[in-house]
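Residue-level structural notes
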Amino acid sequence: MLQAQKRPVHIYLEANPNPNSLKFVVNFMLADDGISFDYPDASSTDNSPLAKELFNFAAVERVFIASNFVTVTKKPELDWIELQDFIRNHIKTYLETGKPAVQATFDKDPLFDENDSETVKKIKGILDEYIRPAVEQDGGAIVFHSFNDGIVKVLLQGSCSGCPSSTVTLKAGIQNLLTRMLPNEVKEVQAEGV
């Protein structure tokens, strides 16, 4: 009798600017490109059995899933050297079963809304094209929240949430880019919910 083979899963680790976060990079896609899922606590994991399981580790404070990686944020008083192998092995074992990391479907593109103003469409386009790839490399995401009276508000997710360098990224990176590319519309960028 043939036995079902486990899915081959290879995971490597990447550090990022947030010392409390570690990026677990997988050899296949976990979510559609440009779509991310942020789980700030165990109660928010309804659509992710993997995130729900990771919160069973007392050390885990936040889980973020995007494209081909999972970013885990630990409690600050613990060291990664004590945790990283347990978490990597748990993610590997989970993914080898073939179960999805996230169970979500969308009726429309969650990034863009046809009812957005032209300025909001431009802001979202800039965030998606210039900011998202760079921030994903560090295991996080910066997502559009709102635009009003020249102020763009964004949400910091994954390793960006609580990162010591997120203020520099926000002001020196995102705000400079948006005010340079949309000088008549954008005056300031703020993080929402931080």
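Residues numbered from 1 in each chain as written. Predicted model: local features only at pLDDT ≥ 70, side-chain atom pairs only at ≥ 80, totals over all residues. Heavy atoms only, no water.

1. Remarks on the overall build of the protein
- Looking only at helices and strands, the protein has 4 helices and 8 strands in total.
- Across the protein, helices and strands are ordered from the amino to the carboxyl terminus as β-β-β-α-β-β-α-α-β-β-α-β.
- Expressed as a percentage of its 194 residues, the buried residues of the protein come to 42%.
- The contacts in the protein between residues at least 6 apart in sequence include a share of 58% that link residues at least 24 apart. (Helix = DSSP H or I, 4+ residues; strand = E, 2+ residues; numbered from the N terminus. Buried < 20%, exposed > 50% of the residue type's maximum accessible area, 1.4 Å probe, protein only. Contact = heavy atoms within 4.5 Å.)

2. Describing the environment of Gly98
- Topologically, Gly98 is positioned in the loop between α2 (80-96) and α3 (118-137).
- Its relative accessible area of 46% is what places Gly98 among the partly exposed residues.
- Sequence separation between Gly98 and Lys6 is 92 residues, and the spatial gap between their C-alpha atoms is 7.6 Å.

3. Overview of the sheet that holds strand β1 (residues 11-14)
- Pairing in this open sheet of 5 strands is antiparallel, and the strands run β1-β2-β5-β4-β3 from one edge to the other. Every other strand in the sheet has two partners, leaving β1 and β3 (36-39) as the edge strands with one partner each. Sheet twist, expressed as the mean angle between neighbouring strand axes with direction ignored, is 20°.
- Of the strand pairs in this sheet, β3 and strand β4 (residues 60-66) are connected by 4 bridges, and their pairing is antiparallel. In the sheet register, Ser36 faces β4, and the bridge partner there is Ala66.
- Across the sheet, α2 touches β1, β2 (21-26), β4 and β5 (69-74), and the angle it forms with β2 is around 30°. (Pairing = 2+ DSSP bridges. Axes fitted to C-alpha atoms, helices over the stretch in contact; angles between N-to-C directions.)

4. With respect to the sheet that holds strand β8 (residues 188-192)
- On the basis of which strands lie adjacent, the open sheet formed by 3 strands has the order β6-β7-β8 and mixed pairing. The outermost strands of the open sheet, each flanked by one partner alone, are β6 (140-148) and β8. Here the average twist between neighbouring strands, direction ignored, is 30°.
- Two strands pair when backbone bridges link them, and β6 and strand β7 (residues 151-158) are joined in this way by 8 bridges, in the antiparallel orientation. Bridge pairing in β7 places Val143 opposite Leu155.
- Here α3 sits on the sheet and contacts β6 and β7; the angle it forms with β6, its principal contact strand, is near 165°.

5. A look at the packing of aromatic side chains
- The tally for this structure, following the rule as stated, stands at 2 aromatic pairs.
- Pairing Phe24 with Trp80 gives two aromatic rings, centres 6.3 Å apart and planes at 65°, and the pair type is edge-to-face. Residue Phe24 is found in strand β2, and its partner Trp80 is found in helix α2; the two are separated by 56 residues along the sequence.
- Given a relative accessible area of 0%, Phe24 falls into the buried group.
- When the centroid spacing of 6.0 Å and the interplanar angle of 40° are considered together, the rings of Phe64 and Phe69 count as tilted. The two residues Phe64 and Phe69 agree in class, both being buried.
- Lys23 extends its terminal NZ or CZ atom over the ring of Phe69, reaching a point 4.5 Å from the ring centre. (Phe/Tyr/Trp six-rings, centres within 6.5 Å; stacked < 30°, edge-to-face > 60°. Lys NZ or Arg CZ within 6 Å of the ring centre and 35° of its normal.)

6. Brief notes about the environment of Glu77
- With respect to the helices and strands, Glu77 occurs in the loop between β5 and α2.
- Assessed through its relative accessible area of 61%, Glu77 is described here as exposed.
- Along the chain, Glu77 and Ala59 lie 18 residues apart, while their C-alpha atoms are 9.0 Å from each other.

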